[in-house]
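# Topology and contacts: notes
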Amino acid sequence: MQTSALSRRSAIFVLMAALNIGLIPMAYGEPAGPDAIVGIWEADDGTVKLDMFKAGTELQARMLYGNEIMEADNVTFKKDAKNPDPGLRARSLKNIIFITGLHWEDGEWSGGSIYDASSGRTYNCKATVKDGKMHLRGYLGLPAMGQTRSFHRARG
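Residues numbered from 1 in each chain as written. Predicted model: local features only at pLDDT ≥ 70, side-chain atom pairs only at ≥ 80, totals over all residues. Heavy atoms only, no water.

### Quick look at the overall build of the protein
Per the secondary structure count, the protein includes one helix and eight strands. Seen in sequence order, the protein has helices and strands lined up from the N terminus as α-β-β-β-β-β-β-β-β. Partitioning the intrachain contacts of the protein with sequence separation of at least 6 by distance along the chain shows that 38% fall at a separation of at least 24. Of the accessible surface of the protein, which amounts to about 10000 Å², a share of 58% is contributed by carbon and sulfur atoms. (Helix = DSSP H or I, 4+ residues; strand = E, 2+ residues; numbered from the N terminus. Contact = heavy atoms within 4.5 Å. Areas by Shrake-Rupley, 256 points an atom, 1.4 Å probe, with all protein chains shown as cover.)

### Details of the pairing of strand S2 (residues 48-55)
In this sheet, S2 lies alongside strand S1 (residues 39-43) in antiparallel orientation, the contact comprising four bridges. Its bridge partner lying in S2, tryptophan 41 is registered against leucine 50. The pairing of S2 with strand S3 (residues 58-66) spans eight bridges and is antiparallel. When the bridges of S3 are listed, alanine 55 appears paired with glutamate 58. Count of turn residues in the S2/S3 antiparallel hairpin: two residues, of which glycine 56 carries a positive phi of about 70°. (Pairing = 2+ DSSP bridges.)

### A word on the sheet that holds strand S6 (residues 121-130)
Taken in spatial order, the eight strands line up as S1-S2-S3-S4-S5-S6-S7-S8 and close into a barrel, and their pairing is antiparallel. Across this sheet, the average inter-strand angle for adjacent strands is 30°, counted without regard to direction. Pairing between strand S7 (residues 133-139) and strand S8 (residues 146-153): seven bridges, direction antiparallel. Following the sheet pairing, methionine 134 is matched in S8 by phenylalanine 151. (Axes fitted to C-alpha atoms, helices over the stretch in contact; angles between N-to-C directions.)

So, in structure tokens, the structure goes:
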């Protein structure tokens, strides 16, 4: 009788351990939800910091810091000198909204546009979150014809 209780207890333990091990990948592999992108993100190389926020049904972002939008003193923001609209060329790049139109669909944010102040060009963009990192892709035409930057959540 002692052997039967021990083997039953061992079987239950093994079953519970197997269930827990089987559920671990599901917890970490869970796709990001539509609000997972909201917040402050910093490029992995430290050159850009942005604030992703909801604006109605879409997501937008403003640049908080970027080596391309700051003067050499790292305090003063540059002017939007290369903007195709001459009326906007005198504005400061501080807190401009440079990502617009991102919508949640099929596990990613897509359909957006990203403004590159260093060239004055606007590109299509999409974003995904995987393993706690945001991957932001800017492209012309097809997503394969673009560049992806990786971001992590900013601390503090």
